[in-house]
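Topology and contacts: notes
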Amino acid sequence: MTESWEDKLSCATQCDRCHQKLGQKDQRIFSVYDHQPICMICKKAEEERSDYEAVSKAAIGQCLIDTELAYGDPGGYCFHHFYPFTC
Ligand SMILES: [Zn+2]
């Protein structure tokens, strides 16, 4: 992974799931399923999936391993699978 996750998340111009446009002020968050930036409506739908809890726990564990290797910054990237932010 060479692309900065911050660029990918914070300045994504559309939701990866429903392709709704994301403005600079719109909140976005990472999917725990595919790690793409998605809108809050899609996140809510994701949270209602029956496997969400299991998948999110697995995702955070893997995320901590990956980010330590790829970014040397285990804090932010994993955090934003659960806490949205804006551009
Ligand atoms: Zn969406």
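Residues numbered from 1 in each chain as written. Predicted model: local features only at pLDDT ≥ 70, side-chain atom pairs only at ≥ 80, totals over all residues. Heavy atoms only, no water.

Along helix H2 (residues 40-47), the residues that are buried comprise Cys 42, Lys 43 and Glu 46. On an axial view of H2, the arc spanned by its buried residues comes to 105 degrees, and they lie on one face. Exposed positions of H2 whose direction lies more than 90 degrees from the buried face are Ile 41 and Lys 44. (Buried < 20%, exposed > 50% of the residue type's maximum accessible area, 1.4 Å probe, protein only. Helix = DSSP H or I, 4+ residues; strand = E, 2+ residues; numbered from the N terminus. Arc of directions from axis to C-beta.)

Attention now goes to the side chain of Glu 46. Inspection of the secondary structure puts Glu 46 in helix H2. Overall, Glu 46 belongs to the buried group, its relative accessible area being 2%. The contact partners of Glu 46, leaving out residues within four places of it in the chain, are Arg 17, Ser 31, Val 32, Tyr 33, Ile 38 and Tyr 52. (Contact = heavy atoms within 4.5 Å.)

If you walk through the whole model with that rule in mind, you get one disulfide. Across the disulfide, Cys 63 is cross-linked to Cys 78 (sulfur-sulfur distance 2.2 Å). The sign of the S-S torsion, about -100 degrees, decides the handedness of the disulfide formed by Cys 63 and Cys 78: left-handed. One end of the pair, Cys 63, is in helix H3 (residues 52-70); the other, Cys 78, is in helix H4 (residues 76-79), with 15 residues separating them in the sequence. (Disulfide = S-S within 2.5 Å.)

Now for the coordination of the zinc ion. In the first shell of the zinc ion, the protein supplies Cys 15 (SG), Cys 18 (SG), Cys 39 (SG) and Cys 42 (SG), at 2.3 Å from the metal. Coordination at the zinc ion is tetrahedral, judged from the four donor atoms that bind it and the angles of 105 to 116 degrees they form at the metal. (Donors = N, O, S within 2.8 Å, 3.2 Å for Na, K, Ca; no water. Tetrahedral: all angles 85-135°; square planar, octahedral: opposite > 155°, others 65-115°.)

Another aspect to go through is the confidence of the model for the chain. Taken residue by residue, the chain gives an average pLDDT of 84. The fraction at 70 or more is 80%. Summarising per-element confidence for the chain, the mean pLDDT is lowest in helix H1 (residues 5-10) (64) and highest in H2 (96). (pLDDT = per-residue confidence, 0-100.)

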